[in-house]
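Summary of the model geometry
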2 protein chains.
Amino acid sequence: MPYEFYYWPMIQGRGEVVRLALEEAGVDYVDVARSDEKQEDNRAAILAILQDPDLERPPFAPPFLLDNGVMIAQAAAILQYLAPKINLIGNEETEKIFAHQIQLTVTDFLMEVHDTHHPLASALYYEDQVEEAKKRSANFIELRIPKYMDYFEKILTNNKSNSGWLIGDKMTYPDLSLFQIIEGLQYAFPKAFSKINKKYPKALALRDAITVRPNTAVYLASDRRIPFNTMGVFRHYPELDTS
Amino acid sequence: MPYEFYYWPMIQGRGEVVRLALEEAGVDYVDVARSDEKQEDNRAAILAILQDPDLERPPFAPPFLLDNGVMIAQAAAILQYLAPKINLIGNEETEKIFAHQIQLTVTDFLMEVHDTHHPLASALYYEDQVEEAKKRSANFIELRIPKYMDYFEKILTNNKSNSGWLIGDKMTYPDLSLFQIIEGLQYAFPKAFSKINKKYPKALALRDAITVRPNTAVYLASDRRIPFNTMGVFRHYPELDTS
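1. Thoughts on the overall build of chain A
When you go through chain A residue by residue, the secondary structure sums to 9 helices and 4 strands. For chain A, the α and β elements follow one another from N to C terminus as β-α-β-α-β-β-α-α-α-α-α-α-α. By the compact-globule yardstick of 18 Å for 243 residues, chain A fits well, its C-alpha radius of gyration being 18 Å. Across its three principal axes, chain A shows a C-alpha extent of roughly 50 × 45 × 35 Å. Within chain A, the fraction of its 243 residues that count as buried is 58%. Taking the intrachain contacts of chain A between residues at least 6 apart in sequence as the baseline, contacts between residues at least 24 apart amount to 69%.

2. Topic: the confidence of the model for chain A
On average, residues of chain A carry a pLDDT of 96, and 98% of them reach 70 or more. Reported confidences for the modelled complex are a pTM of 0.97 and an ipTM of 0.96.

3. A word on the environment of B:Ser194
Mapped onto the fold, B:Ser194 is located in helix H7 (residues 190-196). Linking B:Ser194 and B:Ser35, residues 159 residues apart in sequence, is a C-alpha distance of 36 Å.

4. A short note on the domain arrangement of chain A
Residues and elements named next belong to chain A. Domain annotation of chain A identifies domain 1 (3-82) and domain 2 (93-212). Taken together, the contacts link 11 residues of domain 1 with 11 residues of domain 2. Summed over both partners, the interface of domain 1 with domain 2 buries about 1,100 Å², with 69% contributed by carbon and sulfur atoms. The interface formed by domain 1 and domain 2 holds 0 salt bridges in total. The interface formed by domain 1 and domain 2 includes 1 residue pair in polar contact (both at pLDDT 80 or more). Put simply, the parts of the chain that give the side of domain 1 that touches domain 2 at least two residues each are helix H1 (16-25) and helix H3 (75-82). No other element matches the 5 residues that H1 contributes to the side of domain 1 that touches domain 2. Tallied by class, the residues present in the side of domain 1 that touches domain 2 amount to 6 nonpolar, 2 polar and 3 charged.

5. Regarding the side chain of B:Glu132
For B:Glu132, the location among the structural elements is in helix H5 (residues 130-158). In contact with B:Glu132, not counting residues within four places along its chain, are A:Leu120, A:Glu132, A:Lys135, B:Pro119 and B:Leu120.

6. Here we look at the sheet that holds strand S4 (residues 70-73) of chain B
Residue and element names in this part refer to chain B. Pairing within the open sheet is mixed, and its 4 strands lie in the order S2-S1-S3-S4. Every interior strand has two partners, whereas the edge strands, strand S2 (29-31) and S4, have only one. Direction aside, neighbouring strands of the sheet carry axes that sit 20° apart on average. Across 4 bridges, strand S3 (residues 64-67) lies against S4 in antiparallel orientation. In the strand pairing of S4, Asp 67 is matched with Val 70.

7. Considerations on the relation of the copies chain B and chain A
For these two chains of identical sequence, chain B goes onto chain A by a turn of 180° and a shift of 0.0 Å along the axis, with RMSD 0.0 Å. What we have between these two chains is a two-fold relation. Closest to the rotation axis within chain B is the C-alpha of B:Pro119, separated from it by 2.8 Å.

8. Quick look at the sheet that holds strand S4 (residues 70-73) of chain A
Pairing between the strands of a sheet comes from backbone hydrogen bonds, and it takes one of two forms, parallel or antiparallel. Residue and element names in this part refer to chain A. The 4 strands are arranged S2-S1-S3-S4 in an open sheet whose pairing can be described as mixed. Single-partner strands in this sheet number two, and they are strand S2 (29-31) and S4. Taking the axes of each pair of neighbouring strands and ignoring which way they run, one obtains an average angle of 20° across the sheet. Inspection of the sheet shows strand S1 (residues 3-6) paired to strand S3 (residues 64-67) by 3 bridges, in the antiparallel sense. Bridging from a neighbouring strand, Phe 5 pairs with Leu 65 of S3. Strand contacts of H1: S1 and S2, with the helix running at about 155° to S1, the strand carrying the most contacts.

Conventions adopted
Residues numbered from 1 in each chain as written. Chains lettered and ligands numbered in written order. Predicted model: local features only at pLDDT ≥ 70, side-chain atom pairs only at ≥ 80, totals over all residues. Heavy atoms only, no water. Helix = DSSP H or I, 4+ residues; strand = E, 2+ residues; numbered from the N terminus. Rg over C-alpha atoms; globule rule 2.2 N^0.38 Å. Buried < 20%, exposed > 50% of the residue type's maximum accessible area, 1.4 Å probe, protein only. Contact = heavy atoms within 4.5 Å. pLDDT = per-residue confidence, 0-100. Domains from an automatic or database assignment. Buried area = accessible area lost by both parts, 1.4 Å probe. Salt bridge = Lys/Arg side-chain N within 4 Å of Asp/Glu carboxyl O. Polar contact = N/O pair within 3.5 Å; in protein donor to acceptor, adjacent residues only side chain to side chain. Nonpolar A, V, L, I, M, F, W, Y, C, P; charged D, E, K, R; others polar. Pairing = 2+ DSSP bridges. Axes fitted to C-alpha atoms, helices over the stretch in contact; angles between N-to-C directions. Least-squares fit on C-alpha atoms with pLDDT ≥ 70 in both.

Dropping the structure here:
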């Protein structure tokens, strides 16, 4: 039975790190909320689970994955569960621990990126918090992007196998997530990121290496890859892209 | 060899969910940054690891745990690693998955709580973002506290074993974290939380049940339990506690 993946159909959001893993691995899966032949919106499938009053182990929010009756929610937990089954992490325990740790840091980063355009509340429109978003974004650009990017570059630099990947000598699922972060930053903050990205040659090389992997290249060129837009986690608002 | 736990010595912060687990389990551990006889500040031990340029698998931030040379960072990952070893989760795989999922939701919640008083930037003083903090807190009180608390109450209600715990018929580590959330909300938002807490009888009963567990009761009464204060994740600023 194919994996059933549940996430909002119009955005990359917090779900894209899972879609990237499923696509790179080339496994059989259904993107449930986009699964009819026209890839039309089927959010009802997500809401039916979120609003089921009787579910003993409910998810708090999408993304979640169904694998033969086992439900896993939270992107990082999904990847931790999935990666050994789809060959995106090795068998060594300390490698798995470190991969998950990196992925949880990616989770934190995505939450911070989201709050650059919604510093006051997700429930309010962007237009109602533009001034606050400018302040939060300026700080994010000045301090937070470098802090996270320095961290990822340090891992790539200190990897003793010098493979160009984050862990050991093979591509693993956090590499796909770092690709997504770089793509997202280039989309959301093109001016600001272009001023500092030369400090991160290894991270940029990793991004390039992911782009040309056969399965991922097919995915990125397909309409299954939802374009970045101003509904997702990474949003391009020129007024926030200061430098 | 005792577990070595690294977290900032003056706050509960994101590390307290781990301290609660170590204390409830009654295992031998060293709280490294507070470990001298006067429990004085030993932040240098944390910074030495964070700033080590050569570490192959560095943590992004505390908390982190050292267990015989294995380092695990991120509170939820630490608990996932630790709980089976210290008898705070059962052996069943789906229970472990659900426990971790709940813990990652706790992680998200703690990040949101932090941003009620720091909506613009962690690097800025609270005093420089009070007006924005008021707006974020009002929304947090109106929408986010109920959304999370409804979720936890639903899990307690739908647990078929009707044990009063989140998972199965035994106390597990996410129960300790839910205790911490309720204590934190009562400290930070006493007026607002007292208006809605009657909607969550099972969560409140769980909090009470944790309070009287022998090891935890000793811990809570000791000076190892750092009091809530206005440096941590949960902060009480009366101007944010609207209702």
